[in-house]
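Geometric and topological summary
These are the residues of each chain, in order.
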Amino acid sequence: MSRSPVRVATLTLSDTRTLDDDEGGQLLGELLKRAGFAVTSHAVVREEPELLRAAIVQIADAGSADAVVTTGGTGIAPRDRTLEALAPLFEKTLDGFGEAFRRLSWDAIGPNAILSRAAAGVARGLVVIALPGSPKAVELAVTQIIGPVLVHAVTLASGKGGHHPRHPQPEQGEEQRG
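Overview of the structure. Owing to the predicted nature of the structure, the values given are computational and were not obtained by experimental measurement.

About the thresholds
Residues numbered from 1 in each chain as written. Predicted model: local features only at pLDDT ≥ 70, side-chain atom pairs only at ≥ 80, totals over all residues. Heavy atoms only, no water. Salt bridge = Lys/Arg side-chain N within 4 Å of Asp/Glu carboxyl O. Helix = DSSP H or I, 4+ residues; strand = E, 2+ residues; numbered from the N terminus. Buried < 20%, exposed > 50% of the residue type's maximum accessible area, 1.4 Å probe, protein only. Core = buried A, V, L, I, M, F, W, Y, C linked by side-chain atoms within 4.5 Å. Contact = heavy atoms within 4.5 Å. Polar contact = N/O pair within 3.5 Å; in protein donor to acceptor, adjacent residues only side chain to side chain. Phe/Tyr/Trp six-rings, centres within 6.5 Å; stacked < 30°, edge-to-face > 60°.

Section: the pattern of salt bridges
One side chain can pair with another of opposite charge once the charged atoms of both are near each other. Tallied over the full model, the rule gives eight salt bridges. The partner of Asp-66 in a salt bridge is Arg-7, with the nearest N and O atoms 3.0 Å apart. With Asp-66 in the loop between helix 2 (49–62) and strand 3 (67–71) and Arg-7 in strand 1 (residues 7–13), the pair connects residues that are 59 residues apart, well separated along the chain. Take Arg-7: its relative accessible area is 29%, and that puts it in the partly exposed class. Residues Arg-79 and Asp-15 are paired through a salt bridge, measuring 2.8 Å at the closest nitrogen-oxygen approach. Residue Arg-79 is located in the loop between strand 3 and helix 3 (82–86), and its partner Asp-15 is located in the loop between strand 1 and helix 1 (23–34); the two are separated by 64 residues in the primary sequence. Residue class for Asp-15 comes out partly exposed when judged on its relative accessible area of 36%.

What follows is the structure, encoded as structure tokens:
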């Protein structure tokens, strides 16, 4: 029996983009599909924290996706508030995602990689990943991190398995080695 592909909703966070000129969002969808994921929806959302939170809640409540990937709003400009919007929703943060993204970005763009606030976490049972708006950043994240990890992350976040096997406990009286 084959497993259904992970369902991903995508959001572009922008005050200026529309569905017609959303290059980063279009690329994000194409790359996710190439990686074997089912893109269930895409929207452009103004960079207002309450609008982003409402979009995530709506996707979670509808049960239409297993993950949400956003693009835009992760820098340090005054209007970049994606992380501030997501923080109240995150039940768990996936710090390794941002660390890995910045590490790979360093190889591509050098020290400017530290200015990225790409991040991920679990919100309302969804794996939520926040990417920069740059098409190069989107490509790097999908091909090098999201593609290889998202199925496992969704499995863990949903509680449907993937836990490590338990190590046998020492018999009473035996020493435990560390």
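Considerations on the nonpolar core
Residues Phe-97, Ile-129, Leu-131, Ile-146 and Leu-150 are the most contacted members of the largest nonpolar core, which totals 26 residues. At the level of secondary structure, the elements contributing two or more residues to this core comprise helix 1, strand 3, helix 4 (95–109), strand 6 (126–131) and helix 5 (135–158). When residues of this core are assigned to their parent elements, the largest contribution, ten residues, is made by helix 5. Not counting residues up to four positions away in its chain, the partners in contact with Leu-131 are Leu-28, Val-69, Thr-70, Thr-71, Gly-72, Thr-74, Phe-97, Val-138, Ala-141 and Ile-146. Ranked by size, the runner-up nonpolar core spans 19 residues in total, among them Leu-11, Ile-56, Phe-90 and Ala-123.

Looking at the environment of Thr-93
Mapped onto the elements of the fold, Thr-93 is located in strand 4 (residues 92–93). Given the relative accessible area of 48%, Thr-93 is considered partly exposed. Those residues within four positions of Thr-93 in sequence are excluded, and the remaining contacts are Ala-120 and Gly-121. Among the polar contacts made by the side chain of Thr-93, one reaches the side chain of Asp-95 at a distance of 3.2 Å.

As for unusual backbone geometry
Where the residue is not glycine, phi is negative for most of them; where a peptide bond is considered, it is trans in most cases. Even without a glycine there, the phi angle at Arg-124 is positive, about 55°. Relative to the helices and strands, Arg-124 is located in the loop between strand 5 (119–123) and strand 6.

Quick word on the packing of aromatic side chains
Counted under the stated rule, the structure contains one aromatic pair. Considering the side-chain rings of Phe-97 and Phe-101, the 6.5 Å spacing of their centres and the 15° angle between planes classify their relative orientation as stacked. Taken together, the positions of Phe-97 and Phe-101, both in helix 4 and four residues apart, correspond to about one turn of that helix. Take Phe-97: its relative accessible area is 9%, and that puts it in the buried class. Taking the relative accessible area as the measure of exposure, Phe-101 reaches 2% and is therefore buried.

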